Amino acid sequence: MQPNAFLRRRRLQSIFFLAVIAAITYGSMVLTQFDLVQGLGVIPRAFVWAITNFVPDERAWSRLPRILEKLQETVLVAVASSTIASIFGLGLALLGANTTRPHPWFSLPARAIASIFRNIDVSVWALILLFSFGQSGFTGFFALSFVTFGFITRVMIETIDEVGIEPVEALRATGASYAAIISQSVIPACLPQLISWVLYMIETNIRSATLVGILTGTGIGFLFDLYFKSFSYGSASLVVLATVVAVLLIEAVSNYIRRTIL
Amino acid sequence: METTLTSGRIRVRPRTRANIVLHVTLIVLVLLTIYGLATLDTRNINIFTAFGDMLNNFRIVLFEARLKNLSWLELFRELMITVALGLITTVLGAIIAFFVALFAAQNLAPRRVTDAVKAVMAFIRAVPTVLWVLFFAVTAGLGSIAAVVGMTFHSISYLVKAYAETFEELDEGVLEALRASGANWWQTIFQAVVPSSASALLSWTFVRFEINFSVAIAMGATAGAGGIGFDMFMASAFYLDLRELGIFTYAVLIFAILLEWGATRLKETVGVKRQA
């Protein structure tokens, strides 16, 4: 009888858990005034509308060069911010990781700084940075860089600690300097992982850059907003298509690189 | 980073394909970064004065934060609206994604079906969430309905990928044993698939909740979803009030750190259960 009682208790726990989730979700719907029936009704209507209105028209195709130019701008900002932030992130990770920190006191501040940088959302960073950089490319660049910096620091601390203390101790025993240990042992061992995470951040940052662009009036996000608000839905749909193609292409390239180097 | 390129007089690192791809990737990233920075749309901003300005603004956000237009209670309510948006979209997304993922896992559905489902999901995922929300806003109007539907769409595509990968890690023997004993497809799902992957699914769902909380802030700022994101947008673009923006930043930062802590704890327990 023991197993049955156990199963019954597990089942009761599951039902209780689901009921709590359902209640909180219902409360959330009341608070946000979200109506499920209305929400479900929107989906077919939106797609019916899209079939006739959200397709690239002739005017949209004539705007393609401008769209591609802005898309390139967005992709480049995503790549540049990811790469530069990763260099700084790796630096802070070396100070914070258990195996490479110069002093145990470095660990906590390094982790705290990383936590603050990545837990402030990219849109929030953009809103703060707007005060000093205005509607320029810098706002998006720094907003993306800050979040990437916090994220890369965290994952690289984990990666460095996973590689372990043995190679570091082996080199230390040969009398190698701190710089030599880092550059000859730690960085080569972590480089494939780092590249993999940089590629992941580039994919994420292209999507975030679109969002930030709407706030700061730059790149592909700005262009979408412009066409969308002037009811040029054909052109807006071409912006979406171009973004999708770019994201899928970059995903394919990074998957290939990841498979080869890891 | 160049230290791996030159290995001294003795070549200690073999010239494998992995190494070549690694170095080409590094070089391409560096070149693109230089080109990207050189062509950045600076709008004649002096980077040094702006950078000093930024540090001063950080000081104001950190140390001079105070509320002005909102009371503490209203702030809490706005934060809860953002949390609620994140929660609704995660729950709806998880329910739908669970059933879709059954048709995206190679050990549960035929190859042709899984390929088609995965392709559609990859497309949905490639469209940034904000574009989904604005897309639905055309027929629903700006507001919570467009925000929830748009965010749910992106959550589904993310969770289907995560769930399907979890299902594919299942022990093939367990599935076979149930099939051999005459269990039908739904019985296999609820007697074998769900019990053995429940904790991993829960962990992924919580990670998505973490993401959806940040997305909900962003949608409030850019796509009329309301909540604290909208207040932050108003403080930044309309009232130009860094001090109030500071309080909002503290509020979302504290909540995000709590969520991250919860996600890490959940992942640890899941990991322990898997080993046991």
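No experiment lies behind these values; they were computed from the predicted model shown.

### Some points on the overall build of chain B
Move 1: When you go through chain B residue by residue, the secondary structure sums to ten helices and zero strands.
Move 2: Its helices and strands in sequence order give chain B the pattern α-α-α-α-α-α-α-α-α-α, from N to C terminus.
Move 3: Going through the 276 residues of chain B one by one, you find that 40% of them count as buried.
Move 4: Taking contacts inside chain B between residues at least 6 apart in sequence as the whole, the part at least 24 apart equals 69%.

### Overview of unusual backbone geometry
Excluding glycine, most residues fall at negative phi; most peptide bonds, likewise, are trans.
Residues and elements named next belong to chain A.
Move 1: In the Ramachandran plot, Gln33 falls in the positive-phi region, its phi being about 55 degrees despite a non-glycine side chain.
Move 2: Position of Gln33 among the secondary structure elements: in the loop between helix 1 (2–32) and helix 2 (36–53).
Move 3: Given 11 C-beta atoms within a 10 Å radius, Gln33 is considered exposed.
Move 4: Although it is not a glycine, Phe231 adopts a positive phi angle of roughly 65 degrees.
Move 5: As for its position among the elements, Phe231 is in the loop between helix 10 (219–229) and helix 11 (233–261).

### Quick notes on the domain arrangement of chain A
Move 1: Its domain assignment divides chain A into domain 1 (2–53) and domain 2 (59–261).
Move 2: For domain 1 of chain A and domain 2 of chain A, the distance between their C-alpha centres works out to 34 Å.

### Considering helix 5 (residues 107–119) of chain A
Move 1: Between its terminal C-alpha atoms helix 5 of chain A stretches 18 Å, which fits the 18 Å expected from 13 residues at 1.5 Å a residue.
Move 2: Among all positions of helix 5 of chain A, only Ala110, Ala114, Phe117, Arg118 and Asn119 of chain A are buried.

Rules used throughout
- Residues numbered from 1 in each chain as written.
- Chains lettered and ligands numbered in written order.
- Predicted model: local features only at pLDDT ≥ 70, side-chain atom pairs only at ≥ 80, totals over all residues.
- Helix = DSSP H or I, 4+ residues; strand = E, 2+ residues; numbered from the N terminus.
- Buried ≥ 20, exposed ≤ 12 C-beta atoms within 10 Å, placed from the backbone.
- Contact = placed C-beta atoms within 7 Å.
- Domains from an automatic or database assignment.
- Expected span 1.5 Å × (residues − 1).

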